[in-house]
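# Fold and geometry: a report
For reference, the chains in residue letters:
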Amino acid sequence: MPIPNISTLYQRIAKGSEGGNEFARFIKLLLNADCAARGERLSAESDASGDFKKLDAYILHDMRFDIEVLTGFQFKFYPDKLTPQQKHEIVKNIEAARECNIGMREYILVTPEDWQKTEQEWFDRLRKKHEGGFSIRFNGSCIIIDFKLTHWGHSKITELALKHDHLGMYYFPELFPFGAGKFKLASAIIDLDRCNWYQYDDRPKTDYYQNYTHSRKKLTSDPIFDFCFINSTHEIFLLQYIEIHIEDIANRIKGIPAPYLLKSIGAIEYEVDFEKPVNKINFPDPMVFEANKPLRFQLQLKDFTKKCPGNCLHITFWFHFNNHAIPTEKFYLSF
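In this convention, every chain numbers its residues from 1, walking through the sequence in written order. With the structure being a predicted model, the display of local features is reserved for residues of pLDDT at least 70 and the display and counting of side-chain atom pairs for 80 or more, all residues being used for whole-chain, interface and lining totals. Side-chain numbers come from the whole structure's heavy atoms, not from hydrogens or water.

What the four strands build is an open sheet, ordered β7-β10-β14-β12; its pairing is mixed. The two strands at the open ends of the sheet, each matched to only one other strand, are β7 (183-190) and β12 (267-270). Strand-to-strand twist of the sheet, defined as the mean angle between neighbouring strand axes without regard to direction, takes the value 20°. Where β12 and strand β14 (residues 294-301) come together, four bridges link them in parallel fashion. Note on β14: the bridge partner recorded for I268 is L299. For two strands to pair, DSSP has to find at least two bridges joining them. What counts as a helix is a DSSP run of H or I of at least four residues, what counts as a strand is a run of E of at least two, and both are numbered from the N terminus. To obtain each axis, a line is fitted to C-alpha atoms, and for helices this fit is confined to the stretch in contact; angles are then taken between N-to-C directions over 0 to 180 degrees.

This is the structure we're talking about:
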């Protein structure tokens, strides 16, 4: 069943400055939950004394030669059709944030609605002006930063609300017909015991790399994802299809790659078509999730590393049930 067509936060929240504050509070909560799930830390200062670092929130990724490498967020309670003054404010904010944060690698503008075509074209022109690689010199050393300019609107906010139902239910209750936390994806990981993949020690828990150590060389190079769902309702859920979203495929210069258990019902094997940004696994007979029971299964992406045109990428899974959809976190795979 498709995700219901729901109204935006701009339509659900009162207009004016208080509406903008309410929007910012909710987005901060969503971002904080999303960062916690990925093992990252969101810094969001109080608005009482103005934007800190000329940003509403940021994620600090690294320190290079005393330079903070971060992702910045700006929240604007603007509609899908921008006024000239609103466009001017956005441009001014971007320029001020870049000047204040020379190590910023991504600036994410969050508004409550997806933009109309003219606004998207205007933002694309801004991206062409600002995006690209640049170098920073510090005490005789040089670092390279790739800068991205991104817009999140209603679609992204809905995705975050679905991921973090304990927050999403307050503004989008129709997305959760059975209530928050009653039917949910409890765990989504790569099974490190069945394939030669590892988690980074100092990165989000969704980031993995491949290794070819002698003791594990007999294990498959295919990533084997392990999904565990919990159904605490009295209803039966039917998994009708899974979407695999692939993005940001790239090649990078790399060095040598360095207790309660729920038994899986088995593994699904699937060969990804890298010509398609979204692969769809259809189930002619839906997978049944019984009432008041957990269920765990695995998905093995066959010949994944052999067929991928790059050596690193992001991948997200969407599970479509008979009455709603559930996304995973975005995985980063490096091999």
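By definition, a salt bridge exists where a carboxyl oxygen of Asp or Glu is found within 4 Å of a side-chain nitrogen of Lys or Arg. By the definition in use, this model includes 18 salt bridges. In this structure, the salt-bridge partner of K92 is E89, at a minimum N-O distance of 3.4 Å. Placement of the pair is K92 and E89 together in helix α3 (residues 84-100), with a separation of three residues, close to one helical turn. A simple rule labels every residue: compare its accessible area, found with a 1.4 Å probe on the protein chains alone, to the largest value its type can have, and call it buried under 20%, exposed over 50%, or partly exposed in between. Note on K92: relative accessible area 42%, which makes it partly exposed. For R127, the salt bridge identified is with E131, shortest N-O distance 3.3 Å. Salt bridges linked by common partners bring D34, K156, E159, K163 and E329 together as one network.

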